[in-house]
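Each chain is listed here by its residues.
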Amino acid sequence: MTSSSHALLSVLQNHGVDRVFLVPGESYLGILDALCDFPGIDVVTCRHESGAGFMAVADARLSGRAGIALVSRGPGATNAAIAVHTAQQDAIPMILIVGQVPRADLRREAFQEIDYRRMYGTIAKWVFEVTDPRQLAEAGFKALRIATSGTPGPVVLVVPEDLQQQQVEQPRWIAHAHASTIPDEQTLRQVLRKIEAAERPLIVAGGAFEGAGGRAALAALAEAWQIPVALSFRRHDLFSNLHPLYVGELGLANPKLQIDAFRQSDLILALGTRFGDITSQGYSFPDLPCPGQTFVHAYADDHMVGLHFAPDFGLVCDPIALARALTPAAKPDIPQPRSAWTGQLKEIFQAHAAWPQRKAEDGIDFVQVVKAVRAQASADAIVCLDAGTFAAPVYRHFGFVPPQRLMSPLSGTMGYGTPAAIAAQLRFPGRQVICMVGDGGFMMTGNEMIAAVERKLPILFILANNGSYASIRIQQELHYPGRRLGTSLFNPDFEQVARAFGLRAQRIEREDQVARAVASGLAAGGPCFIEVKASLAVTLPPRRSD
Ligand SMILES: Cc1ncc(C[n+]2csc(CCOP(=O)(O)OP(=O)(O)O)c2C)c(N)n1
């Protein structure tokens, strides 16, 4: 016999869970106590449940396993909602374990009670409130399965406090990996025939290629058939951005010329992507409902395949296994027009991705900071981004080359960058981790930076201080010119804040300081913080009178 919480934790540990992120609460003291007996599970104590949740999301993305966050009922659970939403939008397996009021008080509007099935009903894949201590381990097992299957996503496990330390049988829940699936021979042959014949094919590859061997399988497929590769929203790190076949990311700022060119394709292989809102440019590329070209959509989740566009071939399968199955062993004949087609797309991409040279009068053009980071980043650097316009040059100009990683929320949430950097450096102590964050986003979860000091994590934090929620100011100027409200920020002395946290900190105000500051930050051997006085003006749209 064992306690119900021990049973739950052994199931999690047996499936590879070696770290959890939490803010404690009286509603799950029983689980917390059981954690004392699991020295193989690292407990990262956070300062806000959004930080804990974001760390779990980032850790899951890097480890390929479910990320675990534990939070208290009511206030803790509501604080964590932002990360649950991010896990859903980013298709990341995450399990949020929430303490709950005792069973006897359920549905009595008890202190800090929430009905999580309703609260999280539309953003979590599964919300389960345990009502019997014997269910706890089974619920943990199912949470792992549901979070990681199909379209990965968040699961919420709700555990009333009075059933966390009950005696139960030690269960033996062990999940073995599913066999991967590929389409039947005939369908594969039909798709191959389309690939052989296409003069202007285009691969659009998405997050499923983050899976083991995914990047290599994607590269092998593209190279074998000489097919240009576009990546789905913010998935820059799936395929070398310097590869001759790389033609760009489908994101928030594609030039019309580029999308028009993509439209000229005669075959789209949409592999491992949900082809959602941003990737499809607001459901406008390809044509809806029936694309103008042969459209192959492969994804592991039946629900997603052909959800937005009617594919000629809807393939519910493992996209990595499919890529391998479509990669010929011998060099195939390639239709002659394909190289000119690739050249055309490449030229458009390169013109868009070229580093700009702008004159900034009111601070440093953050493009120069990103350029310096690019020049000095190691070959396996992990770049963690918060939401904000400061990040735009990373998406557009950085040029990721695997195994470099881009950790950036598809949900566009502020507050992700700092916790993601903590989780990344904990997961990969030997890799360079660089976090870029705006003055807005930093004030949301920047407090999690203390973990870098506590655990001596050599993360380089770079804060773009432009005194504004600039992404929103830009939109304000575009839609309501001259009418500024709510988008200016009165800031603390960030350099002093970072120092008070215990980081080595520096503030730079001139472009000629950038390269050296980045170099010394990367060489610091401990957590380091650079506050950049960033130009706001250079990011704003020209005034109408200009
Ligand atoms: C949690 C959250 N709140 C609000 C927004 C809307 N939003 C998107 S970007 C942004 C401003 C970001 O400001 P900052 O971090 O200073 O970066 P900047 O845009 O100035 O570079 C806001 C408010 C959001 N995406 N996420």
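Residues numbered from 1 in each chain as written. Predicted model: local features only at pLDDT ≥ 70, side-chain atom pairs only at ≥ 80, totals over all residues. Heavy atoms only, no water.

A. Geometry of the overall build of the protein chain. On a plain count of helices and strands, the protein chain comes out with 20 helices and 20 strands. Relative to its length of 546 residues, the protein chain is compact, with a C-alpha radius of gyration of 24 Å against a globular reference of 24 Å. Long-range pairs, those at least 24 residues apart, make up 76% of the contacts in the protein chain with a sequence separation of at least 6. Between the centroid of the 50 positive side chains of the protein chain and the centroid of its 52 negative side chains there is a distance of 3 Å. (Helix = DSSP H or I, 4+ residues; strand = E, 2+ residues; numbered from the N terminus. Rg over C-alpha atoms; globule rule 2.2 N^0.38 Å. Contact = heavy atoms within 4.5 Å. Lys, Arg positive; Asp, Glu negative; His and termini not counted. Charge placed at Lys NZ, Arg CZ, Asp CG, Glu CD.)

B. Main features of the site of the ligand. Taken together, 19 residues sit near the ligand, with Gly412, Asp439, Gly440, Gly441 and Ser471 positioned nearest. A distance of 3.0 Å separates an oxygen atom of the ligand from a polar side-chain atom of Asn466. Within the side chain of Ser471, one N or O atom sits 2.7 Å away from an oxygen atom of the ligand. If the ligand stood free it would expose 590 Å²; the protein chains cover 78% of that surface. Elements with a contribution of two residues or more to the shell around the ligand: α16 (439–445) and α18 (470–479). With four residues, the top contributor of residues to the shell around the ligand is α16. (Near = heavy atom within 4 Å. Polar contact = N/O pair within 3.5 Å; in protein donor to acceptor, adjacent residues only side chain to side chain. Areas by Shrake-Rupley, 256 points an atom, 1.4 Å probe, with all protein chains shown as cover.)

C. Quick look at the sheet that holds strand β12 (residues 267–271). Pairing is parallel across the open sheet formed by six strands, whose spatial order is β11-β10-β9-β12-β13-β14. In this open sheet, the two strands that pair with only one neighbour each are β11 (246–249) and β14 (313–316). If you compare each strand with its neighbour and ignore which way they point, the axes differ by 15° on average. Sheet analysis places β12 next to strand β13 (residues 294–299), joined by five bridges and oriented parallel. Within the sheet, the bridge partner assigned to Ile268 lies in β13 and is Phe295. Seen against the sheet, helix α8 (residues 185–197) touches β12, β13 and β14 and runs at an angle of roughly 130° to β14. (Pairing = 2+ DSSP bridges. Axes fitted to C-alpha atoms, helices over the stretch in contact; angles between N-to-C directions.)

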